[in-house]
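# Remarks on the overall topology
Chain residues, written in single-letter form:
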Amino acid sequence: MAVTTRLTWLQEKILQNYLGGKQFSLLYKASVHKFSGQNLLQKCCHQGPTIALIYSEDNVIGAYVQESYQKGKNASIILFALKETEISECKKGPYVLFSLFYDTNSELQCGYNGGIQIHLPRKEIYMDSDIVNDLGLPQKPISFQECEVFRCEDLLDQRRIAEVTNLKMTLLSTIRTYKPYGDLVQQIRILLVGPSGAGKSSFINSVKSIFRGHVTHQVLVGSDTTGISKKYRTYSIKDGKDGSSLPFILCDCLGLSEEDEGLCMEDIFYVIKGHIPDRYQFNSMKPISSSHHNFIDAPLLKDRIHCVAFVFDANSVEHLSGEMIAKIKSVRREAIKCGVVHVALLTHVDCMDLITKGDLIDIYRCVPVKSKLEAVQRELGFALSNILVVSNYTSEWELDPVKDVLILSALNQMLRAADDFLEDLPPEETDAKSEQGIMKCEVK
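Conventions we followed
- Residues numbered from 1 in each chain as written.
- Predicted model: local features only at pLDDT ≥ 70, side-chain atom pairs only at ≥ 80, totals over all residues.
- Heavy atoms only, no water.
- UniProt positions renumbered as here; feature names shortened; annotations may be inferred.
- Core = buried A, V, L, I, M, F, W, Y, C linked by side-chain atoms within 4.5 Å.
- Buried < 20%, exposed > 50% of the residue type's maximum accessible area, 1.4 Å probe, protein only.
- Contact = heavy atoms within 4.5 Å.
- Helix = DSSP H or I, 4+ residues; strand = E, 2+ residues; numbered from the N terminus.
- Salt bridge = Lys/Arg side-chain N within 4 Å of Asp/Glu carboxyl O.
- Expected span 1.5 Å × (residues − 1).
- Polar contact = N/O pair within 3.5 Å; in protein donor to acceptor, adjacent residues only side chain to side chain.
- Pairing = 2+ DSSP bridges.
- Phe/Tyr/Trp six-rings, centres within 6.5 Å; stacked < 30°, edge-to-face > 60°.
- Lys NZ or Arg CZ within 6 Å of the ring centre and 35° of its normal.

As annotated in an unreviewed UniProt entry, the protein carries the name Interferon-induced protein 44 and comes from Galeopterus variegatus. Of the protein, the UniProt comment under Sequence similarities (unreviewed entry) reads exactly: "Belongs to the IFI44 family."

## Looking at the nonpolar core
Across soluble globular proteins, nonpolar side chains have a tendency to be buried as a group. Judged by nonpolar contacts, the single largest core of 94 residues is most densely connected at Ile190, Phe211, Tyr232, Phe248 and Phe312. In this structure isoleucine 190 touches Ile249, Leu250, Cys251, Cys307, Ala309, Leu411, Met414 and Leu415, once residues within four positions along its chain are discounted. Core analysis: the second largest hydrophobic core is formed by 28 residues, Cys44, Ile54, Ile116 and Cys147 among them.

## Comments concerning the environment of cysteine 253
Structurally, cysteine 253 is set in the loop between strand S14 (245-252) and helix H7 (265-273). C-alpha of cysteine 253 to C-alpha of aspartate 278: the two residues are 25 residues apart in sequence and 9.9 Å apart in space.

## Comments concerning the pattern of salt bridges
Counted under the stated rule, the structure contains 20 salt bridges. For arginine 159, the salt bridge identified is with glutamate 163, shortest N-O distance 3.1 Å. Linking arginine 159 with glutamate 163, this pair stays in helix H5 (residues 158-176), spanning 4 residues, or about one helical turn. On the basis of relative accessible area, glutamate 163 is assigned to the partly exposed category, the value being 41%. Across the pair lysine 302 and aspartate 303 runs a salt bridge, and its minimum N-O distance is 3.3 Å.

## Some remarks on helix H10 (residues 401-423)
With 23 residues, H10 should reach 33 Å at 1.5 Å per residue; the first-to-last C-alpha distance of 32 Å fits that figure. Within H10, 17 of the 23 residues are buried, which leaves the element mostly enclosed by the surrounding structure. Near the N-terminus of H10, the side chain that reaches the backbone nitrogen of valine 402, with its oxygen 2.9 Å away, is that of aspartate 400.

## Section: the pairing of strand S2 (residues 50-55)
Summarising burial for S2: 6 of the 6 residues are buried, a large majority. Burial of S2 is two-sided: the residues Thr50, Ala52 and Ile54 facing one way and the residues Ile51, Leu53 and Tyr55 facing the other way are all buried. Pairing analysis gives 6 bridges linking S2 to strand S3 (residues 60-65), with the strands arranged antiparallel. When the sheet's bridge partners are listed, isoleucine 54 is paired in S3 with isoleucine 61. Counting the residues that bridge the hairpin from S2 to S3 gives 4 residues. Relative to strand S11 (residues 146-154), S2 runs antiparallel, the two sharing 6 bridges.

## Considering unusual backbone geometry
The backbone of lysine 34 shows a phi angle near 80°, a positive value even though the residue is not glycine. Its place among the elements puts lysine 34 in the loop between helix H2 (30-33) and helix H3 (37-44).

## Considering the packing of aromatic side chains
Across all of its chains, the model carries 10 aromatic pairs by this definition. With 6.2 Å between their ring centres and 55° between their planes, phenylalanine 211 and phenylalanine 248 make a pair best called tilted. Highlighted residues: phenylalanine 211 in helix H6 (residues 200-212) and phenylalanine 248 in strand S14, separated in sequence by 37 residues. Since its relative accessible area comes to 0%, phenylalanine 248 is described here as buried. Geometrically, the ring pair formed by phenylalanine 312 and phenylalanine 382 is edge-to-face, given 6.4 Å between the ring centres and 75° between the ring planes. Remark: phenylalanine 382 occurs in the loop between helix H9 (367-380) and strand S18 (387-389) and phenylalanine 312 occurs in strand S16 (residues 307-313); sequence separation between them is 70 residues. Across the pair, phenylalanine 382 and phenylalanine 312 agree in class, each one buried. An aromatic cluster is defined as three or more aromatic residues linked by ring pairs; in this entry it consists of Tyr232, Tyr280 and Phe282. A cation over an aromatic ring shows up here: lysine 123 above the ring of phenylalanine 35, its NZ or CZ 4.4 Å from the ring centre.

Below, the structure written as structure tokens:
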């Protein structure tokens, strides 16, 4: 059976951030490997930087050592105490680390020279008064229930970066060689819709940046929550500066708003069915009609939306108003009526509390992110498997393979959703006549 830590997710995250972004690998757990200094040394010697944690009734007391444990070797240590979410620290060293000696019962104990001694068999810690004061601990021997020692490694070491880079290249190849289901269209159309300022335009910029090979901010992005997209825009992404167009088109439109200036609900149907042309200027007070001079009377299958991505800011998605939730559900119903598969896209995940760059490698396992996914499922009705997480390029000027993998993974899922839509089309909409425009799309 796997040995697990007593740390909560929040405690582990606080300590990881405190140490500058580390991942912990449990080496020794006293309740499993016995309260023995000798066993501790056998498990923890020559393991690189380590952190020892002592669990008392009210605190987690720790010692971080940047050097490997070696009997008789001097080392500097950082002592700290974690109480709830606050950390106090005291630096000590150089001292002989974890010297061993026999007590009167011929039991091994483990201790530090330099004002602190950890007596494993008796489950007690003894510290000089200056250390006790620095750490804000009670002035008496402290009993504890558990001791754990972890190896500390950088969350983004060269090995992890190499793995992420390889995954990015695999995703790039998959998307470049992607062909829509049944060759029914040459390019998939993905509509981005959501509250103003959620990150729709930033996602388009991010996708463009990855395939361009450098960060670009070609699509204008609003500097506040009102957003900036007033027109319906369709963006065909090129592979490289002068490369061929990739097999998808990203479609941006006016954001949803609680005020009158947001996207008119009646326009959603016409966007999804392909009646609205590129660069159409939305009018919040008046939806497009068939009499409009640019109205597309008989859209082809290639003109229609094949996947809808609802974009939300991960930091505010749990605080959407009742009116906004009603609008989102209305758009979802319209997408379902048109048979279009839809997903949810959570942006700005890197701005969430306690989330660091290293967390983006395995972001779906982070407790706060899981909580967001469950909230979106509960409040808006999306299946957990259809909720995607990204960190867009907003102020950076250099590409980051960790961000790229999240963005490309989300895009790949959207393409799969579009394939589901195409595969589910009735026969009369998939024959050659539909591409020739003979069959007219049904209008409200």
